[in-house]
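Now for the letters of each chain:
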Amino acid sequence: QVQLVESGGGLVQPGGSLRLSCAASGNIFGILGMAWYRQVPGKQRELVADITSGGSTDYADSVKDRFTISRDNAKNTVYLQMNSLKPEDTAFYYCNLKQYLATLGHREYWGQGTHVTVSS
């Protein structure tokens, strides 16, 4: 089992910045990648950014050049630096981890979510 704990959400004014953190613990072997998703009530959860075990990153078009995903392997933590925030970035943000273990196959884990509100 893997546990993911997010932090860093909150209220910020348009144009402001926030940094989300996601700390992984437990059976953290065979990680294929980690990602941040977000969801607004009534809408599907959408991928915001991901980072592979090799360090490659990818972003949703809506956040490119504003958000940066990074990781600290020593702390088993992934971050999402969010700059130039817009009201439409308001959502629950979820951390995601994909894992492959020879004994268990592919596994996927989610954090509990942290809420970001962008409003004046």
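Structural data are supplied above this passage.
Note that this is a predicted model, so its numbers are computed, not measured. (Residues numbered from 1 in each chain as written. Predicted model: local features only at pLDDT ≥ 70, side-chain atom pairs only at ≥ 80, totals over all residues. Heavy atoms only, no water.)

## Some points on the sheet that holds strand 7 (residues 67-72)
Step number 1: The antiparallel open sheet is built from four strands, whose spatial order is 1-3-8-7. The outermost strands of the open sheet, each flanked by one partner alone, are strand 1 (2-7) and strand 7. Each strand axis lies, on average, 15 degrees off the axis of its neighbour in the sheet, ignoring direction.
Step number 2: The pairing of strand 3 (residues 18-26) with strand 8 (residues 77-82) spans six bridges and is classified as antiparallel. Across the sheet, the residue bridging to S21 is Y79, located in strand 8. (Pairing = 2+ DSSP bridges. Helix = DSSP H or I, 4+ residues; strand = E, 2+ residues; numbered from the N terminus. Axes fitted to C-alpha atoms, helices over the stretch in contact; angles between N-to-C directions.)

## Some points on the state of the cysteines
Between two cysteines, a covalent bond joining their sulfur atoms is known as a disulfide.
Step number 1: Taken as a whole and assessed by the stated rule, the structure comprises one disulfide.
Step number 2: Across the disulfide, C22 is cross-linked to C95 (sulfur-sulfur distance 2.0 Å). Taking the sign of the S-S torsion, -85 degrees for the link of C22 and C95, the bridge is left-handed. Linking C22 in strand 3 with C95 in strand 9 (residues 91-101), this pair joins segments that are 73 residues apart in sequence.
Step number 3: Judged by relative accessible area, which is 0%, C22 ranks as buried. (Disulfide = S-S within 2.5 Å. Buried < 20%, exposed > 50% of the residue type's maximum accessible area, 1.4 Å probe, protein only.)

These figures come from the coordinates and say nothing about function on their own.
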